[in-house]
Amino acid sequence: MYSLHKITVSVLFIFLFSSASGIDPFFTAAGAAEAGTSFSCVMGPGFWSSFHNQALLPFRTSASLGFNYQNRFNISELGTRSAGLVVPAGKAGLGAIYSNFGYKDFMRHSAGLACGLKLSEKISGGIQADFFYEKTAGEYHERRSLSFEAGLLIIPSEKIRIGFHIFNPIPNSLRKNYLPSSIRAGAGIWLSKALFACAEAEMSTGGNLNLKTGFEYEPSKFIKLRGGFCSENNSFSFGVGYEMKFVQLDIGFATHDRLGVTSSASLIFQIK
């Protein structure tokens, strides 16, 4: 017999998967800084943004290692644990990411290897190979999938950045197991030396157009304040970051109009 808690978690899984791409754990949800801006980060600077658009990888000037935990609606069974590594290589940037979502009766692992390259002074591109492994309770309930994602970054001026990203462009008719697809496009601008504002649009399989906006404000050298809004589920977000010499700590929160608050925490280390 299922306990009331397991039944509640199962119902939430069904609800989440039938709604939005932003909550679907197939999509990279890593990054508390990105969560603070409603994940309007396809063009934005940041460690985890490099895995939302691999074209950002070449702009990481030092090797970095990051860890992230996202707790959906204060339910541990809906948590996502992620780790990422970025290594600069001249005009290129290399990255690796791993995520684990779920609990013992429903677990999904994902891993990716990425590379980004500066194609010119104002254009860069990137690609990432993805592997997904899903396991549910019972026998023979294992699924494995391979796919890829790619991104493009255009910098028309010093203050403006435009990003594009596509995830899993392979039709599901060619697959044994279902895997959603998405396309994202967004632009960001430095309104001042301390304020970066951005907006992004996203379309995903079976979903409606999702609009996201966000900002990051740096009142001092070590502190960053963030906020954002996502049209999907009328979600507001906010967050704060503290950056020391070699360590960056970020915390982000996002609301849901029916299910409550999702919290995220990230710790990023620069490797000298």
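You'll find the structure just up there.
Residues numbered from 1 in each chain as written. Predicted model: local features only at pLDDT ≥ 70, side-chain atom pairs only at ≥ 80, totals over all residues. Heavy atoms only, no water.

Asks: If you had to explain the overall build of the chain to someone new, which residues and values would you point to?
Replies: Within the chain one finds three helices and 14 strands. Within the chain, the proportion of its 272 residues that are buried is 48%. Carbon and sulfur atoms make up 66% of the accessible area of the chain, which amounts to about 13,400 Å² in all. (Helix = DSSP H or I, 4+ residues; strand = E, 2+ residues; numbered from the N terminus. Buried < 20%, exposed > 50% of the residue type's maximum accessible area, 1.4 Å probe, protein only. Areas by Shrake-Rupley, 256 points an atom, 1.4 Å probe, with all protein chains shown as cover.)

Asks: Break down the packing of aromatic side chains for me, with residues and values.
Replies: One pass over the full model with this rule turns up nine aromatic pairs. Both rings, one in phenylalanine 47 and one in tryptophan 48, keep their centres 4.9 Å apart while their planes meet at 90°; by these two values the pair is edge-to-face. Residue class for tryptophan 48 comes out buried when judged on its relative accessible area of 2%. For the ring pair phenylalanine 132 and phenylalanine 167, a centre distance of 6.1 Å and an interplane angle of 85° mean the geometry is edge-to-face. Pair noted here: phenylalanine 132 is in strand β5 (residues 123-136) and phenylalanine 167 is in strand β7 (residues 160-167), with a separation of 35 residues, a long-range link. Its relative accessible area of 5% is what places phenylalanine 132 among the buried residues. What links up through ring pairs into an aromatic cluster is the set Phe47, Trp48 and Phe51. Positioned above the aromatic ring of phenylalanine 59, the side-chain terminus of arginine 161 is 5.5 Å from the ring centre. (Phe/Tyr/Trp six-rings, centres within 6.5 Å; stacked < 30°, edge-to-face > 60°. Lys NZ or Arg CZ within 6 Å of the ring centre and 35° of its normal.)

Asks: Describe the layout of surface pockets, with residues and values.
Replies: Empty space within the largest pocket amounts to approximately 780 Å³. Lining the largest pocket are 38 residues, and of these Pro45, Gly46, Arg60, Glu216 and Lys224 lie nearest its centre. Listing elements by their share of the lining of the largest pocket, those giving two or more residues are α2 (32-36), β9 (195-204), β10 (210-217), β11 (223-230), β13 (247-256) and β14 (260-271). Across the lining of the largest pocket, the residue classes break down as 18 nonpolar, nine polar and eleven charged. (1 Å grid on protein atoms, 1.4 Å probe; cavity = no way out; pocket = protein on both sides within 12 Å on 5 of 7 lines; lining within 4 Å. Points joined across faces, edges and corners; volume = space filled by probe spheres on them. Nonpolar A, V, L, I, M, F, W, Y, C, P; charged D, E, K, R; others polar.)

Asks: Break down the environment of valine 261 for me, with residues and values.
Replies: As for its placement among the helices and strands, valine 261 is situated in strand β14. Between the C-alpha atoms of valine 261 and asparagine 71, which are 190 residues apart in sequence, the distance is 8.8 Å. If near-sequence neighbours (up to four positions away) are discounted, valine 261 is found in contact with Asn71, Arg72, Phe73, Asn74, Phe253, Ala254 and Thr255. (Contact = heavy atoms within 4.5 Å.)

Asks: How would you explain unusual backbone geometry if you had to name every residue and give the values?
Replies: Positive phi, normally seen in glycine, also occurs at phenylalanine 73, with a value near 55°. Within the secondary structure layout, phenylalanine 73 lies in the loop between β1 (63-71) and β2 (79-89). Residue class for phenylalanine 73 comes out buried when judged on its relative accessible area of 10%. The residue asparagine 168 is not glycine, and still its phi comes out positive at about 50°. Looking at where asparagine 168 falls in the secondary structure, it is placed in the loop between β7 and β8 (182-192).

Asks: Any chance you could break down the pairing of β2 for me, citing the residues and the numbers?
Replies: Both β1 and β2 contribute to a ladder of eight bridges, which runs antiparallel. Bridged to asparagine 71 within β2 is glycine 79. Bridge count between β2 and strand β3 (residues 92-103): ten bridges; the pairing is antiparallel. Considered in β3, the bridge of leucine 85 is made with alanine 96. As consecutive antiparallel partners, β2 and β3 are separated by two residues, and within that stretch glycine 90 has a phi angle of approximately 70°, a positive value. (Pairing = 2+ DSSP bridges.)

Asks: Talk me through the state of the cysteines; I want residue IDs and the actual numbers.
Replies: What the rule picks out here adds up to zero disulfides. The thiol of cysteine 41 is unpaired, and the distance to the nearest cysteine sulfur, on cysteine 198, comes to 8.0 Å. Judged by relative accessible area, which is 9%, cysteine 198 ranks as buried. (Disulfide = S-S within 2.5 Å.)

Asks: Can you explain the pairing of strand β6 (residues 142-157)? Please cite residues and give values.
Replies: Of the pairings in the sheet, the one linking β5 to β6 comprises 13 bridges and is antiparallel in character. Opposite glutamate 134, over in β6, you have arginine 143 as the bridge partner. Where β6 meets β7, seven bridges bridge the pair, whose relative direction is antiparallel. Across the sheet, the residue bridging to glycine 151 is histidine 165, located in β7.

Asks: Describe the pattern of salt bridges, listing the residues and the values that go with them.
Replies: In total, this model carries eleven salt bridges according to the counting rule given. Measuring nitrogen to oxygen at the nearest pair gives 3.1 Å for the salt bridge that ties glutamate 202 to lysine 212. Taken together, the residues span a long stretch of sequence, with glutamate 202 in strand β9 and lysine 212 in strand β10 at a distance of ten residues. Across the pair, lysine 212 and glutamate 202 agree in class, each one buried. One salt bridge in this structure joins aspartate 257 and arginine 258, with 3.4 Å as the shortest N-O distance. (Salt bridge = Lys/Arg side-chain N within 4 Å of Asp/Glu carboxyl O.)

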